[in-house]
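Structural overview
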Amino acid sequence: MPSYLITGTSRGIGLEFVRQLSADPANTVIGLVRDKQATEQRMKEWKRDNIFTIQINDMADYASLKNAVEEASKITGGSLDYAIANAAYVSKLTNYFTFGDLPELIQKDMVDAFLVNVVGVVHFFNLTVPLLKKGTAKKAIALSTGLADDNMNVNFELDVSSPYSVSKAAMNMVVAKFAAEYKREGILFMAVAPGLVDTGAGDMHPNASELEKKRFNETYAKFMAYKNTPPITAEESVKAMLGVFESSKTGTDRDGAFISHLGNKQWI
Ligand SMILES: NC(=O)c1ccc[n+]([C@@H]2O[C@H](COP(=O)([O-])OP(=O)(O)OC[C@H]3O[C@@H](n4cnc5c(N)ncnc54)[C@H](OP(=O)(O)O)[C@@H]3O)[C@@H](O)[C@H]2O)c1
C-alpha cells in the first residue's frame, strides 16, 4: 500500500502525479494545495477514492504545513513512502527578465522565491521525515530544474528566470543536506528536474511586454540549441520521473543527487 504526499497538486505536473499514481488503487495519494475546492473539482471525473486533498495556506507557512502533514499522517496510519516537494514559486515578475532588466524589483522576487522554493521545502522535509522513517520506500524528492545547473546556464547563456534559478540551486543544497543527515537511516533524498514540460499553462502572462516576449523567444531558441526537441507533456515527464524515483536507491550515488527525468544530467 504505497503512500505518496505531494505538494502543489492543484495543476500542472503535481496534478499529473496524482492522476498517474492514483490509477493504481493500491496507492494512497495525498496532495497539499492552496485551493482544495478547485482542485477536487478538477479531479472529480476520475472518481477515485484513493485521492486525498488537504488545504494549506502556503508552503512558507510552517504551522499550516504541520497541520496538513498531521492530517496526512492520520490517513496513512503514521507512515509515508514518498514525500514529493513539487510546489514552486515560478515568478511571473522576473521569468523573462535578466537581473539587469529589473534591478529595483529583484529583492522582493528573490525573497519570495527563497521562501517558497527553499524554506518551504525544508519545512516539508522536516515534517515528513518522521513519517518516512516508518514507511517502506523511504524516498523524498524535490522537483528541480535544469536552470539550476550552472554549466547549462553559462554554456547556453540562460540569463533570465534568475531568482527562480538561484532558489532552485539553493533547494538542491537543501536536498544534499537532508541526504547527508538521513542517508544513514536509509532515507533517499533527491532533486529531480522534470524536463521542458508543456503543462498547458501558457508561457507568458497576459500583459507581457515586448521585451519579455523578445526574451522568451531568445530563451526558447537557447533551449532548442541545447536540444532541438519540443517540450514534453506532463504525462511523459511524470512517467519518466516515477521511473527514476523507483529505480533510485539510497546507499548509491543517488543520495543527494541532482538529476533529470532521464536519470542523468541531460536536462531536456
Ligand atoms: N513545467 C516545466 O517545464 C518545469 C521545468 C523545470 C522545473 N519544473 C518544476 O516542476 C514543478 C512543477 O512545475 P509546474 O510547471 O507544474 O508548475 P505550476 O504549473 O506553476 O504549478 C505550481 C504548483 O505549485 C503551487 N504553489 C505555487 N506557489 C505556492 C505556494 N506559495 N504555496 C503552496 N503552493 C504553491 C501551485 O499552487 P496554486 O495553484 O495554488 O498556485 C501549483 O500547484 C515545480 O517545482 C517547477 O519548478 C517545471
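Residues numbered from 1 in each chain as written. Predicted model: local features only at pLDDT ≥ 70, side-chain atom pairs only at ≥ 80, totals over all residues. Heavy atoms only, no water.

By the naming in an unreviewed UniProt entry, the protein chain is Short chain dehydrogenase, taken from Lineolata rhizophorae.

This brings us to the sheet that holds strand β1 (residues 3–7). Spatially, the seven strands line up as an open sheet ordered β3-β2-β1-β4-β5-β6-β9, and their pairing is parallel. Each edge of the sheet is formed by a strand with only one pairing partner; in this case those strands are β3 (51–55) and β9 (258–260). Strand-to-strand, the axes of this sheet are offset by a mean angle of 25°, without reference to chain direction. Relative to strand β4 (residues 82–85), β1 runs parallel, the two being bridged by three bridges. Pairing of Leu-5 across the sheet is with Ala-83, part of β4. (Pairing = 2+ DSSP bridges. Helix = DSSP H or I, 4+ residues; strand = E, 2+ residues; numbered from the N terminus. Axes fitted to C-alpha atoms, helices over the stretch in contact; angles between N-to-C directions.)

For the rest of this paragraph, the subject is the side chain of Thr-9. Locating Thr-9 in the fold gives a position in the loop between β1 and α1 (12–22). Excluding residues that lie within four positions of it along the chain, Thr-9 makes contacts with Gly-14, Leu-15, Val-18, Gly-31, Leu-32, Val-33, Thr-39 and Met-43. (Contact = heavy atoms within 4.5 Å.)

Most peptide bonds take the trans form, and the phi angle of most residues other than glycine is negative. Unusually for a residue other than glycine, Lys-47 sits at a positive phi of about 50°. You can see Lys-47 is positioned in the loop between α2 (36–43) and β3. With a phi close to 50°, Glu-157 is a non-glycine residue in the positive phi region. Examined against the element boundaries, Glu-157 turns out to sit in the loop between α5 (150–155) and α6 (162–182).

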